[in-house]
Each structure stands twice: as structure tokens, then as C-alpha cells.
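# Breakdown of the fold
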Amino acid sequence: MQRSLVGSEMCIRDSIITMELKSDLSKEYIADALIDLMRKKDFSSITNKEITDRAGLSHITIYRNFKNKEEIVKYYLNNVFSKWKWDDKNNIAFNIFSFFQENKEIIDLLYKAHLQYLIIDNILDLYGYNKDDSDAIAYSKVTVAYFVFGWCDEWYKRGMKNTPEEMARLFEQGKKQ
């Protein structure tokens, strides 16, 4: 009797893992489909049906996984940030400028859709922001994250003419003044 219980538990566990993998894959398909559509259409005019059709999934799948299109973009951006090779030898500002430069197509899509502010949450993660931080620590991390984002935002709007190395140097000089 105990063997079948263990077997049943293993079967249930395997089913749960399979469902989680399917959900993760569905999220990736949906996110990739939305980004692909954003390359061709205005973000506000993209429908959930277009996204699921492009992803090859049923229409209900999008509602199971995301509240809205912005959440899909946030999911995609989180994946891009997590896959990025952050260089511990360089400061975070240099890494973020490099990230902007190497992911310019995604950054362009975010700005075109007026969603560039979604980057801030990822920068906060890089600085180890935690809602349970003490007030002083939380305010410090938020200030630095918005400060860095402000630099990236202005750099982007000026056409990203400086290299990430030049931007990191300017950033360090700006912190000293």
C-alpha cells in the first residue's frame, strides 16, 4: 500500500512539474509574440487575441498567466535582465549602460510604447532593493536606482552617442560633484 502512495505522490509531483513547465513555456511564447507584434504595430493597438494567435496558444492562456499587456512586457524584460551577463568587475552603472546599448532594440520598443519606466524595477533588483529594508536603506536604493535610470533615460534621448565606458566615467564624475 505504501508503494502505491509513493508512486501516486511521484505521479502528482511529475504532473505539477509538467504543468509548471507548460505555464513557463506559455508565458515565454506569449511574451515573445507580444514583442514580435510590437516590432510591427503600436502597443496600444495590439489585442490579446493577436498575441495568442501569434503564440499559437488558446485565447484563455493569456488570462491565466497575465493581468494585462504591460505585465507581459514586464515578464519579458525580467527575463532579458536575468539572462544578461552582469560583469562584477564593473560598477552597476556601466553594466546598465552596456545593457541599454546591447539591447537597444528592446529599449526602443519600450520607449515607443511609453513603457521605459518598467526598467526601474529591474535596476532596483540590481541594487538589492527589498520592501523590508529599513527606511534609510530603501530610500537610498530607490534614489540611486532612479538616478541611474535618469542618466540612462537622458543618454537614450540624446541618441546614445557616448560609449558605456564614457557614460560610466561621466556618471562617476557626476556623483562627485
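Below: a short report on this structure. (Residues numbered from 1 in each chain as written. Predicted model: local features only at pLDDT ≥ 70, side-chain atom pairs only at ≥ 80, totals over all residues. Heavy atoms only, no water.)

### Some points on unusual backbone geometry
Heads up, the rule is: In DSSP terms, a helix is any run of H or I states spanning at least four residues, a strand is any run of E spanning at least two, and both are numbered starting from the N terminus.
A positive phi angle, close to 60 degrees, is found at His114, a residue other than glycine. Summarising the element assignment, His114 is placed in the loop between α6 (104–112) and α7 (119–126). Positioned with a positive phi, Met160 is a non-glycine residue whose angle comes to about 50 degrees. With respect to the element layout, Met160 can be found in the loop between α8 (135–157) and α9 (164–176).

### Thoughts on the environment of Asn103
Basically, it comes down to this: For the exposure calls, accessible area comes from a 1.4 Å probe over protein chains only, and a residue counts as buried if that area is under 20% of its type's maximum, exposed if over 50%, partly exposed in between. Contacts are assigned to residue pairs that have any heavy atoms within 4.5 Å of one another.
On the secondary structure map, Asn103 appears in the loop between α5 (92–102) and α6. Residue Asn103 is classed as buried on the basis of its relative accessible area of 15%. Each C-alpha atom, one on Asn103 and one on Val80, is 8.7 Å from the other, the two residues being 23 residues apart in sequence. Sequence-distant contacts of Asn103, that is, excluding residues within four places in its chain, are made with Val80 and Trp84.

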